[in-house]
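What follows is the residue order along each chain.
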Amino acid sequence: MRALTYQGPFRVRVEDKPDPKLEHPQDVILRVTRTAICGSDLHLMHGLVPDTRVGHTFGHEFTGVVEERGSEVTQLQKGDRVVVPFNISCGICFYCERGLTALCENSNPSSDVACGVYGYSHTTGGYDGGQAEYVRVPFADVGPLKIPDDMEDEEVLFLGDILPTGYMGAEMGEIKGGETVVFMPNRTIPGAAADLEFSSRPGVPMETAPQPLAGARAPIRWQLSGVRVFKHAGRARLPPVYGTAQPPRRLSGLLRRAAYGIPDHRARHWMLLLVADRVDVWEHRLARGLPWVLPAMGVLVVSRGVWRKWARA
Ligand SMILES: [Zn+2]
Ligand SMILES: [Zn+2]
């Protein structure tokens, strides 16, 4: 199948990869019909998420059709159209049972960092994402939602992340109307929050007026039914994401393991990012070259022997 893969910082490429297979009776394999690019994909592409391995498929927002079904999957049938949330949840752990599925303990070996996430590095479990022709969906009875027959895939695609994340932000902010709200940064998720939380109210005019906000660069002021929303167009500093213990895998794996032992968060982050992840890139470049390099070296060694034998004779 074709898939969009990471090739090192600032480099992604569509390449051929083996089709995903059922790895567990609770898996399904989806044929991807729609996929979105999230603002969060830029952090991956910029090499800012530790333990993003070369060849990893991006994409955590997608819809698809069930092609194959594991023997323990009961809620989905072959041919069902589904939209899949970006976080992977088991449905039965302490957190999942309390509805806190984004804190699932069973979908990521590094569950103290995050639950499993599609296409979002090995820090979140190493699950290949949906910017591909096919994707493996674990715990298929828990996350995926069937798409109603009268709805198009495009209409529900953003339920995978952008829309509910924005909604959750608005809900957590306990916005009721009449407040002044600052969105930082001005990206899709705050936009989704604004659209969801306010514009759906009948008779709400939505207009923008350039009105500078002290301390903010190029803010846009949104006037929404008495709710003043400021969208900050500047860059926000992102908190670093940390990985935890992964099995050693070649030199980059050993370096990662060493990095996880560094107590200082910032030093650990940079060790992962600047050393381990860069070594990972070079290891893969080398591995791609080896099929040609080794036979070439063999030919050289043999021809040198033949030449010496000929010279002696
Ligand atoms: Zn996203
Ligand atoms: Zn769980």
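Since we're looking at a predicted model, the values are computed, not measured.

Calculation rules
- Residue numbers restart at each chain and count upward from 1, following the sequence in its written direction.
- Throughout, the order in which chains and ligands are written sets their labels, letters from A for the former and numbers from 1 for the latter.
- The model is predicted, so local features are restricted to residues of pLDDT at least 70 and side-chain atom pairs to those at 80 or more, both for listing and for counting; the totals for chains, interfaces and linings are taken over all residues.
- With hydrogens and water stripped out, all remaining heavy atoms of the structure feed into the side-chain values.
- The salt bridge definition used is simple: a Lys or Arg side-chain nitrogen within 4 Å of an Asp or Glu carboxyl oxygen.
- Only DSSP runs of H or I reaching four residues or more are called helices, and only runs of E reaching two or more are called strands; each is numbered from the N terminus.
- The classification of residues rests on relative accessible area computed with a 1.4 Å probe and restricted to protein chains. Under 20% of the type maximum is buried, over 50% is exposed, and intermediate values are partly exposed.
- Residues are called lining when one of their atoms sits within 4 Å of a cavity or pocket point, these points coming from a 1 Å grid over the protein atoms alone, where a cavity is a set in which a 1.4 Å probe fits but cannot get out and a pocket is an open set with protein on both sides within 12 Å along at least five of seven lines.
- Grid points are joined across faces, edges and corners, and a volume is the space filled by probe spheres set on the points.
- Under the scheme applied, nonpolar residues are Ala, Val, Leu, Ile, Met, Phe, Trp, Tyr, Cys and Pro; charged residues are Asp, Glu, Lys and Arg; polar residues are all the others, including Gly.
- Surface patches are defined over residues having more than 30% relative accessible area and no salt bridge, joining like charges when they lie within 9 Å and nonpolar side chains (Val, Leu, Ile, Met, Phe, Trp, Tyr) when within 5 Å.
- All accessible areas in this document rest on Shrake-Rupley with a 1.4 Å probe, and a residue is counted as covered only by the protein chains that are shown.
- Note on donors: an N, O or S atom is included if it sits within 2.8 Å of the metal, or within 3.2 Å for Na, K and Ca, and water is never included, so sites can look incomplete.
- Think of it this way: with four donors and all angles in the 85 to 135 degree range, the site is tetrahedral; with four or six donors, opposite ones beyond 155 degrees and the rest between 65 and 115, it is square planar or octahedral; otherwise it is irregular.
- Positive: Lys, Arg. Negative: Asp, Glu. His and the chain ends are not part of the count.
- Where a charge lies is defined by one atom per residue type: Lys uses NZ, Arg uses CZ, Asp uses CG and Glu uses CD.
- We treat two strands as partners when DSSP finds at least two bridges between them.
- Any pair of residues with heavy atoms lying within 4.5 Å of one another is described as a contacting pair.

(A) Layout of the pattern of salt bridges. One pass over the full model with this rule turns up 13 salt bridges. The closest approach of N and O atoms between Arg2 and Asp16, which form a salt bridge, is 3.3 Å. Separated by 14 residues along the polypeptide, Arg2 in strand β1 (residues 2-6) and Asp16 in strand β2 (residues 12-16) bring together distant segments of the chain. Its relative accessible area of 58% is what places Asp16 among the exposed residues. A salt bridge links Arg81 to Asp153; the nearest nitrogen and oxygen atoms lie 2.4 Å apart. Of this pair, Arg81 sits in strand β5 (residues 81-84) while Asp153 sits in helix α3 (residues 153-156), and the two are 72 residues apart along the sequence. Using a relative accessible area of 10% as the deciding quantity, one classes Asp153 as buried.

(B) Main features of the layout of surface pockets. Roughly 290 Å³ of volume is contained in the second largest pocket. In terms of lining residues, the second largest pocket is bounded by 14 residues, among which Pro20, Glu23, Gly126, Asp128 and Arg136 are the most central. Per-class residue counts for the lining of the second largest pocket are six nonpolar, two polar and six charged.

(C) Broad picture of a nonpolar patch on the surface. The grouping of Leu286, Leu290, Val293, Leu294 and Met297 at the surface amounts to a nonpolar patch, some 470 Å² of accessible area in total. Tracing the chain through its elements places Leu286 in helix α7 (residues 265-312).

(D) How the structure looks around the coordination of the zinc ion (ligand 1). Coordination of the zinc ion (ligand 1) by the protein comes from Cys38 (SG), His60 (NE2), Glu61 (OE) and Asp161 (OD), over a distance range of 1.8 to 2.2 Å. When the donor residues of the zinc ion (ligand 1) are listed from N- to C-terminus, their spacing reads C-x21-H-E-x99-D. One end of the pair, Cys38, is in the loop between β3 (28-35) and α1 (39-45); the other, His60, is in the loop between α1 and β4 (62-69), and 22 residues separate them in sequence. Taken as a pair, Cys38 and His60 share a single burial class, namely buried.

(E) Just the coordination of the zinc ion (ligand 2), in detail. Protein-derived ligands of the zinc ion (ligand 2) are Cys90 (SG), Cys93 (SG), Cys96 (SG) and Cys104 (SG), with the metal-ligand distances lying across 2.3 to 2.4 Å. Considering all four donor atoms around the zinc ion (ligand 2), the spread of angles at the metal, 101 to 118°, places the coordination shape in the tetrahedral class. Counting gaps between the donor residues of the zinc ion (ligand 2) yields the pattern C-x2-C-x2-C-x7-C. For Cys93, a relative accessible area of 6% gives the class buried.

(F) Fine view of a positive patch on the surface. Together, Arg304, Arg308, Lys309 and Arg312 give the surface a local cluster of positive charge. Turning to its location among the elements, Arg304 is positioned in helix α7.

(G) Structural context of the pairing of β3. Sheet analysis places β3 next to β4, joined by seven bridges and oriented antiparallel. For Val32, the partnering residue across the bridge sits in β4 and is Gly64. With four bridges connecting them, β3 and strand β8 (residues 134-137) associate as antiparallel partners. Among the inter-strand pairings, Ile29 is bridged to a residue of β8, identified as Arg136.

(H) Representation of the environment of Val135 in the model. Tracing the chain through its elements places Val135 in strand β8. On the basis of relative accessible area, Val135 is assigned to the buried category, the value being 1%. A C-alpha to C-alpha distance of 9.9 Å links Val135 and Met1, two positions 134 residues apart in sequence. Non-local contacts of Val135, meaning those with residues more than four positions away in its chain, are made with Pro20, Val28, Ile29, Leu30, Val32, Phe62, Tyr118, Asp128, Gly129 and Gly130.

(I) Examining empty space enclosed by the protein more closely. Counted under the stated rule, the structure contains two cavities of 30 Å³ or more. Of the pockets and cavities examined, the largest cavity occupies roughly 50 Å³. If you go around the largest cavity, the residues you meet are Val84, Pro85, Asn87, Ile88, Ser89, Tyr118, Val137, Pro138, Phe139, Gly143 and Pro144. Residues of the lining of the largest cavity, tallied by class, amount to eight nonpolar, three polar and no charged. In this structure, the second largest cavity encloses a volume near 30 Å³. Along the walls of the second largest cavity sit Gln7, Arg11, Val54, Val281, His284, Arg285 and Arg288, which together make up its complete lining. Its residues assigned to classes, the lining of the second largest cavity comprises two nonpolar, two polar and three charged.

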